[in-house]
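Listed below, chain by chain, are the residues.
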Amino acid sequence: MLVACSNEKEPGLEYAPDMYHSVPLDPYSQLDQNKFNPGGLNMREPAEGTVARGKMGYNLYLTKDDAETAGVELKNPLEKSELNLSEGQVLYTRFCAPCHGDQGDGQGLVGQKFKGVPSYSAGRVASLSEGHIYHVITNGRGRMMPHGSQVNPTERWKIVMYVQQLQKGEAAAPATEEAADTTQTGTTPTN
């Protein structure tokens, strides 16, 4: 009889109560020193050499207004090849040609309506470095809005390659269907 009777308000004994009533640690608020983590912080430091997803290690400390610094420090990691140039041309046609025009002369449909879109082969723009162009594509400048959320870093470097060709006044022939297919699917063609 003693075993069958129990008080419903008293749940009995708990084995390992820490497992039932744990203390959560909010990584963004530090009230007391955390004795379990190294350094006493709730948030752990990322492993050395860690790169945030989508950042690909391209000088993350540069601000929106640091295009000149980017022009000196950033270098294109991709090799200049026909495939990269043709993919860059396809991406340029999709994202840049409406304003800058197919030839890079600033006479795209938007450039004709809203004056002031620069030509790649004239003035100061003709001598811009690859890092500067990459930074402007990523963060925008003046009336040009940023394209960093629309074009991933590898695609930006391909566009830079093609823009540098337009800076020299060397507009390529229309891009091949093979390049358009690889840019759309993200795969490389096999022979």
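Reading the values: the criteria
- Residues numbered from 1 in each chain as written.
- Predicted model: local features only at pLDDT ≥ 70, side-chain atom pairs only at ≥ 80, totals over all residues.
- Heavy atoms only, no water.
- Helix = DSSP H or I, 4+ residues; strand = E, 2+ residues; numbered from the N terminus.
- Contact = heavy atoms within 4.5 Å.
- Areas by Shrake-Rupley, 256 points an atom, 1.4 Å probe, with all protein chains shown as cover.
- Core = buried A, V, L, I, M, F, W, Y, C linked by side-chain atoms within 4.5 Å.
- Buried < 20%, exposed > 50% of the residue type's maximum accessible area, 1.4 Å probe, protein only.
- Phe/Tyr/Trp six-rings, centres within 6.5 Å; stacked < 30°, edge-to-face > 60°.
- Disulfide = S-S within 2.5 Å.
- pLDDT = per-residue confidence, 0-100.

Trainee: Can you walk me through the overall build of the chain in this structure?
Mentor: Scanning the chain for helices and strands turns up eight helices and zero strands. Counting from the amino terminus, the chain carries its helices and strands in the arrangement α-α-α-α-α-α-α-α. Taking as baseline every contact in the chain between residues at least 6 positions apart, the subset at least 24 positions apart corresponds to 55%. Entry remark: accessible area of the chain is about 13800 Å², with carbon and sulfur atoms responsible for 55%.

Trainee: Honestly, the nonpolar core in this entry has me stumped. Any pointers?
Mentor: Side chains of a nonpolar character, in soluble globular proteins, are inclined to be buried together. Counting residues in each nonpolar core, the largest one holds 19 residues, and the members touching the most others are Tyr-92, Tyr-120, Ile-133, Ile-159, Val-160 and Val-163. Counting residues per element, the ones that place at least two in this core are helix 3 (82-95), helix 6 (130-139) and helix 7 (153-167). Setting aside anything within four residues of it in sequence, one finds Tyr-120 in contact with Tyr-92, His-100, Gly-104, Val-125, Ala-126, Val-163, Leu-166 and Gln-167.

Trainee: I tried to follow helix 6 on my own but got confused; where do I start?
Mentor: For an α-helix, 3.6 residues make a turn, and residues three or four places apart therefore share a direction. Counting buried positions along helix 6 yields nine of ten residues, so the element is predominantly enclosed. In this structure, the buried side of helix 6 is in contact with helix 2 (67-73) and helix 7. Positive phi shows up at Gly-140, right after helix 6, with a value of about 75°.

Trainee: Would you take a moment to explain the side chain of Lys-158 for this structure?
Mentor: Mapped onto the fold, Lys-158 is located in helix 7. Contact partners of Lys-158, with chain neighbours within four places excluded, come to Leu-78, Asn-84, Glu-87, Gly-88 and Leu-91.

Trainee: Sorry if this is basic, but what is going on with the packing of aromatic side chains here?
Mentor: Two measures describe an aromatic ring pair: the distance that separates the ring centres and the angle between the ring planes. Under the defined criterion, the tally for this structure stands at three aromatic pairs. Centre to centre, the rings of Tyr-92 and Tyr-162 are 5.3 Å apart; their planes meet at 55°, and the pair counts as tilted. Placement of Tyr-92 in helix 3 and of Tyr-162 in helix 7 is noted, with a sequence separation of 70 residues between them. Taken as a pair, Tyr-92 and Tyr-162 share a single burial class, namely buried. Ring geometry for Tyr-134 and Trp-157: centres 4.2 Å apart, planes at 15°, overall stacked. Note that Tyr-134 is positioned in helix 6 and Trp-157 in helix 7, a separation of 23 residues in sequence. Trp-157 shares its class with Tyr-134; the two are buried.

Trainee: Explain the state of the cysteines to me, please; I cannot follow it from the model alone.
Mentor: In protein structure, a disulfide is the covalent linkage between the sulfur atoms of two cysteines. In the structure shown here, the tally under the stated rule is zero disulfides. Between Cys-96, a cysteine without a disulfide, and Cys-99, which holds the nearest cysteine sulfur, the sulfur-to-sulfur distance is 8.6 Å. Owing to a relative accessible area of 13%, Cys-96 belongs among the buried residues under this scheme. Given the relative accessible area of 30%, Cys-99 is considered partly exposed.

Trainee: How should I be thinking about the environment of Val-160 in this particular structure?
Mentor: In this structure, Val-160 sits in helix 7. Among the residues examined, Val-160 registers a relative accessible area of 0% and is labelled buried. Residues within four places of Val-160 in sequence aside, it is in contact with Glu-130, Ile-133, Tyr-134 and Ile-137.

Trainee: Help me understand the confidence of the model for the chain in this model?
Mentor: Overall, the prediction assigns the chain a mean pLDDT of 77, with 79% of residues at 70 or greater. The secondary-structure element of the chain with the lowest mean pLDDT is helix 8 (residues 177-185), recorded at 51, while helix 3 shows the highest, at 92.

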